[in-house]
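Examination of the molecular architecture
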Amino acid sequence: MAIETGATPATTTSTDHTDPGSAGRSRGAEDGLLVEATRRSIQTPVAPSRGALRPLGTDEVRLTGGFWAERQRINAVGIIPHANAWEERVGWIDNFRAAVDGDVLTTRTGREFADSDVYKLLEAMAWEHGRTGDAGLDARIREVAALVGRVQEEDGYLHTLYGREGQAPRYSDLEWGHELYCYGHLIQAAVARLRTGVHDELVDIALRAADHVCLEFGQDGRDAVCGHPEIEPALVELYRATGERRYLDQARLFVQRRGHRTLADIEFSRSYFQDDVPVRDADVMVGHAVRALYLASGAIDVAVEDADRDFLTHLTAQFTRTLARRTYITGGMGSHHQDEAFGDDFELPPDRAYAETCAGIGSVMVAWRLALATGDLSWGDVVERALFNVVAASPSPEGTAFFYTNPLHKRVPGAEADPDVVSPRAFAQLRAPWFEVSCCPTNVARTFAQLGSYVATATDDGVQLHQLASATISTVLETGAVTLDVATRYPDSGEVTITVVRAPAGETEIAVRVPRWARGAATLDGERVGGDVARVRRTFADGDTLTFEVPLVPRVSRPDPRIDAVRGCVAIERGPLVLCAESVDLDGDDVAGLSVDPTTVHEDAGTVRLTGTVASPEPERTGERVWPYGSTASTGGSHRARTVQLALTPYHSWAQRGPSTMRVWLPADVATPPHREEVAPHHA
Ligand SMILES: [Zn+2]
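1. Concerning the overall build of the protein
The secondary structure content of the protein amounts to 14 helices and 24 strands. Taking 2.2 N^0.38 as the reference for a compact globule, 684 residues should give roughly 26 Å; the C-alpha atoms of the protein span a radius of gyration of 26 Å, in line with that estimate. C-alpha extents for the protein along the principal axes are approximately 80 × 70 × 45 Å. Counting every position in the protein, which comprises 684 residues, the buried fraction comes to 63%. Within the protein, counting contacts between residues at least 6 apart in sequence, those at least 24 apart form 68% of the total. For the protein, the computed accessible surface area is about 24,700 Å², with 48% contributed by carbon and sulfur atoms. With 68 positive and 98 negative side-chain charges, the protein shows a separation of 2 Å between the mean positions of the two kinds.

2. Some thoughts on the packing of helix α9 (residues 245-257) against helix α10 (residues 289-305)
At a closest axis distance of 10 Å, the pairing of α9 and α10 adopts a crossing angle of 125°. Here α10 runs oblique to α9, going by the angle between their axes. Helix-helix and strand crossings are classified by hand; for α9 and α10 the assignment is left-handed. Between α9, through Leu248, Ala251, Arg252 and Val255, and α10, the contact on the second element is made entirely by Gly298, Ala299, Val302 and Glu305. Tallied by class, residues from the contact of α9 with α10 come to five nonpolar, one polar and two charged.

3. Some points on the state of the cysteines
Scanning the entire structure with this criterion turns up zero disulfides. Cysteine 580 provides the cysteine sulfur closest to cysteine 569, a residue in no disulfide bond, and the two sulfurs are 14 Å apart.

4. Details of the sheet that holds strand β11 (residues 527-528)
One open sheet accounts for seven strands, arranged β2-β6-β7-β8-β13-β10-β11; its pairing is antiparallel. Edge positions in the open sheet fall to β2 (61-65) and β11, since each of these has one partner strand only. Strand direction decides the pairing type here: strand β10 (residues 523-524) and strand β13 (residues 545-549), joined by two bridges, are antiparallel. Within β13, the position partnered with threonine 523 by the bridge is glutamate 549.

5. Observations concerning the coordination of the zinc ion
The protein atoms that coordinate the zinc ion are Glu356 (OE), Cys358 (SG), Cys439 (SG) and Cys440 (SG), at distances of 2.0 to 2.3 Å. Taken in sequence order, the residues that donate to the zinc ion follow the motif E-x1-C-x80-C-C. Here cysteine 358 is found in helix α12 (residues 357-374), whereas its partner cysteine 439 is found in helix α14 (residues 439-450), with 81 residues between them in sequence. For cysteine 439, a relative accessible area of 11% gives the class buried.

6. Observations regarding α9
Its 13 residues give α9 an end-to-end C-alpha distance of 18 Å, which sits within 8% of 18 Å, the value for a rise of 1.5 Å per residue. Buried within α9 we find Tyr247, Leu248, Gln250, Ala251, Arg252, Leu253, Phe254, Val255 and Arg257. A positive backbone phi angle near 95° is found at glycine 259, which sits one or two residues after α9.

7. A few points about the pairing of strand β16 (residues 577-582)
Counted residue by residue, β16 has six buried out of six residues, so it is predominantly covered. Every second residue of β16 is oriented toward a common face, with Leu577, Leu579 and Ala581 on one face and Val578, Cys580 and Glu582 on the other, all of them buried. Taken together, the two bridges between strand β15 (residues 569-574) and β16 define a ladder with antiparallel strand orientation. Considered in β16, the bridge of arginine 574 is made with leucine 577. The hairpin formed by β15 and β16 contains two residues between the paired strands, and glycine 575 there has a positive phi angle of roughly 55°. Sheet topology places β16 next to strand β21 (residues 649-650); two bridges connect them, and they run antiparallel.

8. Re empty space enclosed by the protein
Counted according to the given criterion, the structure contains eight cavities of 30 Å³ or more. For the largest cavity, the calculated volume is near 170 Å³. Pro45, Glu123, Gln188, Arg446 and Gln450 are, among the 17 residues lining the largest cavity, the residues nearest its centre. Mapped onto the lining of the largest cavity, the elements with two or more residues apiece are α4 (114-132), α6 (179-195), α8 (231-242), α12 and α14. Put simply, the second largest cavity is a space of about 120 Å³. Lining the second largest cavity are 13 residues, and of these Gln274, Ala282, Val284, Leu295 and Gln318 lie nearest its centre. Tallied by class, the residues present in the lining of the second largest cavity amount to ten nonpolar, two polar and one charged.

9. Points about the sheet that holds strand β17 (residues 594-604)
Within a beta sheet, neighbouring strands are joined by backbone hydrogen bonds and run either parallel or antiparallel to one another. Pairing in this open sheet of three strands is antiparallel, and the strands run β17-β18-β20 from one edge to the other. Since the sheet does not close on itself, it has two edges, and those belong to β17 and β20 (639-647), each with one partner. Shown here is a sheet whose adjacent strand axes are inclined to one another by a mean of 15°, direction ignored. In this sheet, β20 lies alongside strand β18 (residues 607-617) in antiparallel orientation, the contact comprising nine bridges. Looking across to β20, one finds that glycine 612 is bridged to valine 644.

10. Re the pairing of strand β6 (residues 470-477)
Within β6, six of the eight residues are buried, which leaves the element mostly enclosed by the surrounding structure. The sheet contact formed by β2 and β6 spans four bridges and is antiparallel. Bridging across to β6, valine 61 finds its partner in isoleucine 473. When β6 meets strand β7 (residues 480-488), the two strands line up antiparallel, connected through seven bridges. Bridging across to β7, alanine 471 finds its partner in valine 486. Between β6 and β7, which pair antiparallel one after the other, the connecting turn spans two residues.

11. Re the packing of aromatic side chains
Tallying each qualifying case throughout the model produces 22 aromatic pairs. Measuring from ring centre to ring centre gives 5.4 Å for tryptophan 176 and tyrosine 272, while their planes differ by 50°; the resulting arrangement is tilted. One end of the pair, tryptophan 176, is in the loop between α5 (135-151) and α6; the other, tyrosine 272, is in the loop between α9 and α10, and 96 residues separate them in sequence. Tryptophan 176 gets classed as partly exposed once you look at its relative accessible area, which sits at 28%. Given the relative accessible area of 5%, tyrosine 272 is considered buried. When the ring of tryptophan 368 is compared with that of tyrosine 454, the centres are 5.5 Å apart and the planes differ by 90°; the resulting orientation is edge-to-face. You can see tryptophan 368 sitting in helix α12 and its partner tyrosine 454 sitting in the loop between α14 and β4 (456-459), a full 86 residues away along the chain.

12. Here we look at the pattern of salt bridges
Enumeration according to the criterion identifies 49 salt bridges in this entry. Measuring nitrogen to oxygen at the nearest pair gives 2.9 Å for the salt bridge that ties arginine 73 to glutamate 70. Separated by three residues within a single helix, arginine 73 and glutamate 70 lie in helix α1 (residues 66-89), roughly one turn from each other. You can call arginine 73 partly exposed: its relative accessible area is 43%. Salt bridges sharing common partners tie together Arg195, Glu237, Arg240, Asp301, Glu305 and Arg369.

About the cut-offs
Along each chain, residue indices are assigned from 1 in the same order as the chain's sequence is written. Totals for whole chains, interfaces and linings use all residues, but because this is a predicted model, local features are given only for residues with pLDDT of at least 70 and pairs of side-chain atoms are given and counted only at 80 or more. As a rule here, side-chain values come from all non-hydrogen atoms in the structure, and water together with hydrogens is ignored. In this description a helix means any DSSP run of H or I spanning at least four residues, a strand means any run of E spanning at least two, and both kinds are numbered starting from the N terminus. Between the two quantities, the radius of gyration covers C-alpha atoms and the globule rule is 2.2 Å times the number of residues to the power 0.38. Exposure categories follow from relative accessible area, calculated using a 1.4 Å probe and restricted to protein chains: below 20% of the type maximum is buried, above 50% is exposed, and the middle band is partly exposed. Any two residues whose heavy atoms approach within 4.5 Å at even a single point are treated as in contact. To measure how exposed things are, a 1.4 Å probe is used in the Shrake-Rupley method; for residues, cover is taken only from the protein chains shown. Counting rule applied: Lys, Arg positive; Asp, Glu negative; His and chain ends not counted. Each charge is placed at NZ for Lys, CZ for Arg, CG for Asp and CD for Glu. To get an axis, a line is fitted to the C-alpha atoms, and for a helix only the part in contact is used. The angle between two axes follows their N-to-C directions and goes from 0 to 180 degrees. Angular relationships are summarised with four words: roughly parallel below 35 degrees, roughly antiparallel beyond 145, roughly perpendicular across 65 to 115, and oblique for the angles in between. With the far helix as reference, a near helix turned anticlockwise by less than a right angle produces a left-handed crossing, and one turned clockwise produces a right-handed crossing. Asp, Glu, Lys and Arg are counted as charged, while Ala, Val, Leu, Ile, Met, Phe, Trp, Tyr, Cys and Pro are counted as nonpolar; the rest, among them Gly, fall into the polar class. Sulfur atoms of two cysteines make up a disulfide when they are within 2.5 Å. Strand pairing is assigned whenever DSSP identifies at least 2 bridges connecting the two strands. Each metal's donors are the N, O and S atoms within 2.8 Å of it, or within 3.2 Å when it is Na, K or Ca, and because water is not part of the set, sites may look incomplete. One fewer than the residue count of a helix, multiplied by 1.5 Å, yields its expected span. Put simply, the grid is 1 Å and covers the protein atoms alone, a cavity is a trapped set of points that fit a 1.4 Å probe, a pocket is an open set with protein on both sides within 12 Å along at least five of seven lines, and lining residues have an atom within 4 Å of a point. Grid points are joined across faces, edges and corners, and a volume is the space filled by probe spheres set on the points. Stacked, edge-to-face and tilted labels apply to pairs of Phe, Tyr and Trp rings (six-membered ring for Trp) whose centres lie within 6.5 Å, assigned for plane angles under 30 degrees, over 60, and everything in between, in that order. Every case where a carboxyl oxygen of Asp or Glu lies within 4 Å of a side-chain nitrogen of Lys or Arg is listed as a salt bridge.

Read these as layout, nothing more, since geometry by itself doesn't imply function.
So this is what it looks like as structure tokens:
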């Protein structure tokens, strides 16, 4: 294995990126788990020691324009400064100052996991610093890290809420305390520093914390896990970044321990923490969606490092079933509000969709790991769906307000959020500036800063394009150095031009994922592409171009009938975008009474339109007693109906034109409006 045979982990520099001798992988292995990586300092959040595909760093894939480059711009000028300002404003950074000053008992603010959001902001800043070299971000990271370092105890323990005189003892509430979860985000911030060529105090703090965890929770330590998985993928990545095997061993131990009921039973049951069934025995994701997805990410990481094919196969099947039965058309996951959890199979109510932004990010984490391990580019479909329709939906165009939940039907037009008021998360009607539980904004920030890493990968003799985005891709293959320029207006246009700016000397393959919805219809240089990947293998010359194209005609999608909450409805999609109807386009009528004729869907000057009918209830007469059920589905006197030519909006940009009701799933055909019947007083 690569680690044992002495590949030197690069912990303090990223300068070996361009060393051709360090870029290779063993060739020809069809099984991804047999392919070992020979370099680990790639500027990317996930750099496995083995796998079918080699990730490329944010220094190797630079987004140059279009949809995702715009999100990176918003992140730099909006989201990151906004999150930094709010974390000062709500006192979460001050919690560390108070811990230094000794008055944390009386002044600490925020929930148990507030420390983690400071770390997640540091991670976002670290990736952004790596991407842009922004000296201000580097200085800010060092400033906050110096503060955090003063709070860390001699033995590496670090938290602002536990362990001091007058506070609850450390690790006394593993169900809800989030101490290990916080270390996880601290460690991921440190990995971001290491991978971007910086070994600073933040890294030393994280290493001390990780060593403390290995002692405290190791084989001979506490037989326990954290209520919120997250430290698992973090420890594996720290192992990958440093070569210290104890971090991998500890991550494996946490994955193995989960499901053995070390956490207390709670009102949502132990499935909430995924502590009811061992990971190897769980057939589908259950419980709190973000926890389940972070755990799966860590479990995949362990399976990959251990070359444990059976475990990887099991985890792949678990995620596949979750996608088939417990995922919204937007890629959103989690249909319970009360426990932020997955529902039963096909329990996917659009109006009660929780679909937390962080769960969308969690599904990107899982799918990306599977793509790297297996070489199956179609995992990019999952990444694309969640990025465009969950993650991109969260921030406002300025990056100063966010959705926490992402329902597919909004019945009540919410008020604009006050830019100075913290929202109680899930219940904000419109994007809010900050939340009492504010996991999502900083998660979006770190994901946007890393976006380049999810676009392309490499093998010894090829480059694979997973996402269709304008980018410059530069790396070194065994066949030679290569630079590709990808130009596209996707998702507005389906045309992608790939220019080989610098061609490798040897025969090389360029592969492009064909999105699932475009299979059989995509073309490469005008030739129809069969299968789910477009491939060209040849000896390229500088200046060669390839033109890949997918048709972006609007399409009508219908649900599996077992998703009975939306049976009889259609959703309209265009390319990777799920579209929705908003009441601002209905002259004040509500989307509740909307039904559509799917045969009329067409595109007109870039906008997708269709014909529908809006049924609106007549105002109730004074004293009228109404019962909304009856023996006939009457369209009679209680409703008026009118025909509308409806313009649809990309779901990711809904609620940008003021308060509105909204729905993704549209009752199909000009159907019967909701029934409403007067009842005799003695019935009621
Ligand atoms: Zn969140």
